[in-house]
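Examination of the molecular architecture
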Amino acid sequence: MTSPLQQKLKVNGPVVVTANRLRDGAVVYRTADGTWTNTLAGAAVVTTAPAASELLTAALADKLRAVDAYVAPVRLTPEQEILPGNLRERIRAQGPTVALPGAA
Amino acid sequence: MYVYDDFDRTLVGERVREFRDQVGRRLSGELSEDEFKPLRLMNGVYLQLHAYMLRIAIPYGTLSSAQLRTLAHVARKYDRNYGHFTTRQNIQFNWIKLEQLPDATADLASAGLHGMQTSGNCVRNITTDQWAGVAPDEIEDARVWAELLRQHLTLHPEFSFLPRKFKIALTASAHDRAAVKVHDIGLRMHRNGAGEVGFEVMVGGGLGRTPFIAKTIKPFLPKRDLLSYIEAVLRTYNQYGRRDNIYKARIKILVHELGAEKFGREVEEEWQSIKDGALALDPAVVADIASRFKYPRYQTLADNPPELAKARAGDHRFRLWLDNSVSNHKAPGYAIVTLSLKPVGAPPGDTTAEQMDAIADLADRYSFGEIRVGHEQNLALPHVAQRDLLALWRELDAIGVATPNVNLISDIIACPGLDYCSLANARSVPVAEEITRRFKSLDLAHSLGRLHINISGCINACGHHHVGHIGILGVEKNGEEFYQVTIGGRADEQAELGAILGPAVPYGEIADVVEDLAAAYLELREGPDEIFLNTVKRVGVEPFKERVYAAR
């Protein structure tokens, strides 16, 4: 399989780098200071391919805290709130769209 | 129930220790993700959208009450209080944490449960008719042969790195409840002209991107040759199956490209060189395995006891359930009870820890401690005395697993879809939930009769959409969810792939399309005895297509 770094990045708008946390699989986002956060609001947003590539390279170099990092689209509201850019990312950010059977 | 011995317990225990070490080394950084991923997959651990997912095998769909309680415990302690029964007699936990996986697998192992060979390019969990051992129409208990294959193919070094995953299913009944024709190898037990029992061997079935119905390469295989012949099929596939293209790596592609006849000849040649060797089955070995399946000591009872007839006459809801969810049993006075995991507006196949515990208790009280798991994502209690049916029904009804919709339009097979799965393109579960809400009227569902809807959230077809009477496949178009509909598919002994109805429809319209199909069927059928599938066969796709697309 082609490594994410070898794939040509197409960036047509604001993007973030996201991954799953190694220890529990939770969804995480790369922050501007080189750590990970579990809230989209804390993610570093970039808008160009070189910037996205740089963010992704740094994310993939972190072998211990997160796995399967990739670039994901987001939308910015006029107030600069970060929203998921597609349904898949919305579900990753907010959880399944159906009620969970075991919920209290 | 099959009684595991020390060898099985040692094997599973050793795997737990090995996996604990591997997880520890991954968390410490000693193992990279590339090194660790194949190791976790060998233990049924996937990384999905929000979390790790643990898939646990339920060999030939047979669970003890103790095992079901252990699954409930794992759901409660390590997950979010529920599990998802799949179309391959597995259960999946969707929220498990890597750091807790070693403890979870150790707890599972204490009940003889594990995730070995539930992922990866190996022989997966071997499945059978969920009514094996109790079905009145079976020749013999297919689980004995499934167990024999399981033992032979567990950690088989030659077949641990096949070109792609490999699925085997068996049935010993005239009516195929195990979908054997859509498996890599399907085995059907039957009698030959001389009255001997053996196997019809079918190969190259499968769904996914390129669906095929399996082709028969051996109409009758004597029992003694089962292991050697399966070994020859696997060797032939291992040698010639493609490893250069993941989409062409399954045995179905090889069988299609070579032709079933040539593939069969290759198998035959390989088989001739091994059939009289160590794999020729000694009847004593088979008898030993068969002896470890413990059957209940049924009482001498009569069918249709008076208390059942009285209860049936006295309660309309009970009668509806009895006629829908209760089936004939081999032993007089007993019944097979299907527990619908398809309540209106809930995810198909999901069960809470509380339900699992309650079902385990009911299995102890009413079914000799045994539970079965079917590929349609329902459970069954296989040994219920008919005189107990009313009392059992009340308790099943109280925990929400007595919806009388088995084999009806709301008994939907669905994969987890985009709500969980990293491969999915579209959601399955909310589509299923909405369809069940549209058909929540039991009068309507019963008037529609037998009608199977199968939903997959992507082309990989975990929801078996190609063989649904109505099949629904989720696709993504320009960032939106669309659903392609097929009709006329079936997974039984007359397995067939459905035909495409027309252009895919958006998420918001898919339940409307199902309503249109149901309405068209009611108008087109010759009478209530003609099920949906037979109407499609008689009139073709076109009248349904006209109805669905006329207003779109």
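Below you will find a few notes about this structure. (Residues numbered from 1 in each chain as written. Chains lettered and ligands numbered in written order. Predicted model: local features only at pLDDT ≥ 70, side-chain atom pairs only at ≥ 80, totals over all residues.)

Some details on unusual backbone geometry
Despite not being glycine, Q80 of chain A shows a phi value in the positive range, around 70 degrees. Examined against the element boundaries, Q80 of chain A turns out to sit in the loop between β4 (66-76) and β5 (82-84). Located in the positive-phi region is L155 of chain B, a residue other than glycine, with phi close to 55 degrees. Checked against the element boundaries, L155 of chain B lands in the loop between α5 (143-153) and β7 (168-171). (Helix = DSSP H or I, 4+ residues; strand = E, 2+ residues; numbered from the N terminus.)

Here we look at the sheet that holds strand β15 (residues 379-385) of chain B
Residue and element names in this part refer to chain B. If you walk across this open sheet you meet the 5 strands as β3-β14-β15-β12-β11, and the pairing is antiparallel. Two strands close off the open sheet at either side, each with one partner strand: β3 (62-64) and β11 (326-328). With strand direction ignored, the average angle separating the axes of adjacent strands in the sheet is 35 degrees. Judged from the 3 bridges that link them, β11 and strand β12 (residues 334-339) form a sheet pairing that is antiparallel. Note on β12: the bridge partner recorded for V326 is V337. (Pairing = 2+ DSSP bridges. Axes fitted to C-alpha atoms, helices over the stretch in contact; angles between N-to-C directions.)

Thoughts on the packing of α5 of chain B against helix α6 (residues 226-240) of chain B
All names here are of chain B. Where α5 meets α6, the closest approach of the two axes is 11 Å, and the angle between their N-to-C directions is 55 degrees. The pairing of α5 with α6 is recorded here as oblique in orientation. The chirality of how α5 crosses α6 is right-handed. Residues W145, L148, L149 and H152 of α5 lie in contact with α6, whose contacting residues are L226, L227 and I230. Class assignment for the residues of the contact of α5 with α6 results in 6 nonpolar, 1 polar and no charged. (Parallel < 35°, antiparallel > 145°, perpendicular 65-115°, else oblique. Left-handed = near helix turned anticlockwise from the far one by under 90°. Contact = placed C-beta atoms within 7 Å. Nonpolar A, V, L, I, M, F, W, Y, C, P; charged D, E, K, R; others polar.)

Describing the interface of chain A and chain B
Every contact between the two is made by 23 residues of chain A and, on the other side, 30 residues of chain B. Here the side of chain A that touches chain B takes 4 residues from helix α2 (residues 87-94) of chain A, the largest share from any one element. When its residues are assigned to classes, the side of chain A that touches chain B shows 11 nonpolar, 6 polar and 6 charged.

Considerations on helix α17 (residues 532-539) of chain B
Residue and element names in this part refer to chain B. Taken residue by residue, α17 has F532, L533, T535 and V536 as its buried positions. Seen along its axis, α17 keeps its buried residues to an arc of 165 degrees; they face one direction. Buried residues belonging to α17 abut α15 (442-448), β19 (480-487), α16 (510-524) and α18 (542-549). Downstream of α17 by one or two residues, G540 has phi in the positive range, about 85 degrees. (Buried ≥ 20, exposed ≤ 12 C-beta atoms within 10 Å, placed from the backbone. Arc of directions from axis to C-beta.)

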